[in-house]
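Breakdown of the fold
Spelled out from the first residue to the last, the chains are:
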Amino acid sequence: MNLQTSERLFAEARTLLPGGVNSPVRAFRAVGGQPIFVERGEGAYLVDVDGNRYVDYVLSWGPLILGHAHPDVVAALHNAILRGTSYGAPCPQEIELAKLIIQAMPNLEMVRFVNSGTEATMSALRLARAYTGRSKIVKFEGNYHGHADLLLVQAGSGVATLGLPDSPGVPAATVADTLTARYNDLGAVEAIFERMGGEIAAVIVEPVAGNMGLVPPQPNFLAGLRKLTQEAGSLLVFDEVMTGFRVHPGGAQTLFDIIPDITALGKVIGGGLPVGAYGGPRAIMEMVAPAGPMYQAGTLSGNPLAMTAGITTLRGLSAPGVWKGIERQGARLMAGLAAAAEESKIPVQISRVGTMFGMFFADRPVTDWPTAKRADTQRFARFFQAMLAGGVYLAPSQFEAGFLSSAHGEREIDQTLAAASEAFAGLASS
Ligand code: KE4
């Protein structure tokens with residue numbers, strides 16, 4: 001495969017951008033080799049600067065649930081951009097996107113738009129602290145909520161990939177009130193609440209973990225968190241930046257019928273443009289300035305382009321048959337991957353929740369960060385490279401999830417499964 005242009009560009013990028021990238025996981029450090037530079041996305045495919053085409057299961061880390069450059073999104077953005085890019089003033093599109101989100105997640109009575117998932121979770125926790133008057137936060141090992149200082153503790157995603165359980169530059173004082181527990185370990189959370197329940201402002205959780213690889217919640221885990229926080233007067237924050245409109249059209253809160261106090265959103269609601277949001281009941285959200293005293297602001301928050309991309313994406317996703325179609329292809333993909341791995345006697349743990357999926361190179365189920373860490377990351381790296389050579393672009397880390405879109409049809413799944421059979425066979429013979 002010719003990767004010359006990508007290699008040349010990466011050499012230049014490394015002189016201008018730290019690690020040659022604008023987000024660490026993209027640098028391929030966990031899988032070796034060099035990142036491809038993308039020339040364009042089209043439907044389910046990425047095309048790199050050397051003309052190589054790949055079935056894309058990263059989809060910009062989740063947002064592109066209708067695939068790249070969906071004609072409706074492109075047309076809507078083309079219209080919007082003729083009227084300018086940002087006003088720094090209210091526009092009707094903010095109301096429209098808010099309505100679509102609230103229709104899908106009825107527990108949200110109000111939302112505030114921001115520009116990233118990091119901003120959404122950071123603001124959600126500031127709000128929880130403001131609303132409860134308490135400071136302590138509980139998060140889970142292997143859950144990643146963006147790179148806000150208070151949350152960059154035993155995080156997942158790029159931090160897990162890079163083996164940076166904490167980051168330099170985060171003062172101890174900033175994380176002194178951030179407690180961590182093992183994901184799916186309700187007993188650990190009960191112990192924390194027994195000791196200091198009255199001091200806890202919030203528990204923040206990925207209701208389906210996607211940043212240590214895909215790790216679904218064990219039965220009663222989320223219900224247990226709901227009960228503990230309710231009894232202690234703490235807030236339950238669902239970080240649905242990844243799971244929102246991914247595990248279910250109404251998010252994990254609808255899928256599991258557990259109502260959080262505050263929901264953080266991102267990715268799909270921006271349709272590939274920078275959007276985050278946090279929302280909840282009116283009584284909580286009216287703490288947010290200028291309705292209330294909790295300050296949070298943003299130059300580009302609610303800008304018409306990002307709102308337009310989000311509106312068009314959520315509308316497209318709710319069209320008849322779209323969601324079921326993605327799940328059908330997802331089920332086919334998972335069954336085919338399991339069969340291919342079985343054929344080559346390669347032990348894998350495969351799971352799918354809605355339109356996101358995961359595959360650990362492990363011989364036992366993965367339920368938390370310690371068991372995720374047992375996965376064979378070297379074998380994953382070899383599998384990743386073989387799939388790339390076979391024209392399939394997976395997330396370049398064992399500790400990430402995969403995403404499907406409505407553009408992934410029979411042909412794309414067939415191509416993926418053919419590449420996977422080759423890749424597993426190659427692992428078995430090496
Ligand atoms: P952003 O600030 O990257 O928009 O969102 C942060 C975030 C918050 N919460 C969850 C559950 C998330 O998954 C994320 C970001 N996800 C990673 C992928 N694992 C983004 C990819 C990257 O960091 O380059």
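Quick note: structure is the one above.
Worth saying up front: this structure is predicted, and the values here are computed from it rather than measured.

Cut-offs applied
Along each chain, residues carry numbers from 1 onward, in the same order as the chain's sequence is written. With pLDDT at 70 or above as the cut-off, local features in this predicted model cover only qualifying residues; side-chain atom pairs require 80 or more to be listed or tallied, and sums for whole chains, interfaces and linings still use all residues. The side-chain numbers reported here are obtained from all heavy atoms of the structure, hydrogens and water having been left aside. Where helices and strands are cited, they refer to DSSP runs of H or I of at least four residues and of E of at least two residues respectively, numbered from the N terminus. Working rule for helices: expected span equals 1.5 Å times residues minus one. Between buried and exposed lies partly exposed: a residue is buried under 20% and exposed over 50% of the maximum accessible area for its type, with that area taken using a 1.4 Å probe on protein chains only. A cutoff of 4 Å decides nearness: a residue is near a molecule or strand if any of its heavy atoms lies inside that distance of it. Residues adjacent in sequence count toward polar contacts only when both atoms are side-chain atoms; beyond that, a polar contact is any pair of N or O atoms within 3.5 Å, and within protein one must be able to donate a hydrogen and the other to accept it. Surface exposure here means Shrake-Rupley accessible area, sampled with a 1.4 Å probe, where a residue is shielded only by the protein chains that are shown. When residues are grouped by polarity, Ala, Val, Leu, Ile, Met, Phe, Trp, Tyr, Cys and Pro land in nonpolar, Asp, Glu, Lys and Arg in charged, and all others, Gly among them, in polar. Definition of nonpolar core: a set of buried residues of the types Ala, Val, Leu, Ile, Met, Phe, Trp, Tyr and Cys, connected through side-chain atoms within 4.5 Å. The contact criterion used is simple: two residues touch if any of their non-hydrogen atoms lie within 4.5 Å. Salt bridge, as used here, is a side-chain nitrogen of Lys or Arg placed within 4 Å of a carboxyl oxygen of Asp or Glu.

**Points about helix 15 (residues 410-429)**
With 20 residues, helix 15 extends 29 Å from end C-alpha to end C-alpha; this agrees with the ideal 28 Å at 1.5 Å per step. Among the residues of helix 15, E412, I413, T416, L417, A419, A420, A423, F424 and L427 are the ones counted as buried.

**Considering the site of the ligand**
Neighbouring the ligand are 17 residues; S23, T118, N211, D239 and E400 lie closest to it. Here an oxygen atom of the ligand and a backbone polar atom of G117 are 2.9 Å apart. Contact between the ligand and E400: a nitrogen atom at 2.7 Å from a side-chain N or O atom of the residue. Protein chains shield 87% of the accessible area of the ligand, which is 540 Å² for the free molecule. Among the residues forming the shell around the ligand, the class breakdown is five nonpolar, eight polar and four charged.

**Details of the nonpolar core**
Counting residues in each nonpolar core, the largest one holds 69 residues, and the members touching the most others are Y57, I101, F113, L333, F361, F383 and F424. At eight residues, helix 12 (residues 322-343) tops the list of elements feeding residues into this core. Setting aside chain neighbours within four positions, we find F361 in contact with I346, P347, V348, A375, D376, R379, F380, F383, Q398, F424 and L427. Residues M196, F221, L222 and A232 belong to the second largest nonpolar core, which totals 30 residues.

**Let's talk about the pattern of salt bridges**
Evaluation of the coordinates by the stated rule reveals 16 salt bridges. Its salt-bridge partner being R53, residue E42 comes within 2.4 Å of it at the nearest N-O pair. Here E42, found in strand 1 (residues 38-42), pairs with R53, found in strand 3 (residues 53-56); they are 11 residues apart in sequence, far enough to count as distant. A relative accessible area of 28% means that E42 is categorised as partly exposed. Among the salt bridges present, the one from K345 reaches E342, with a minimum N-O distance of 3.3 Å. Per residue, the accessibility class of K345 equals that of E342, and both read exposed. One connected set of salt bridges, linked through shared partners, spans E39, R40, E42 and R53.

Purely geometric numbers; function is a separate question.
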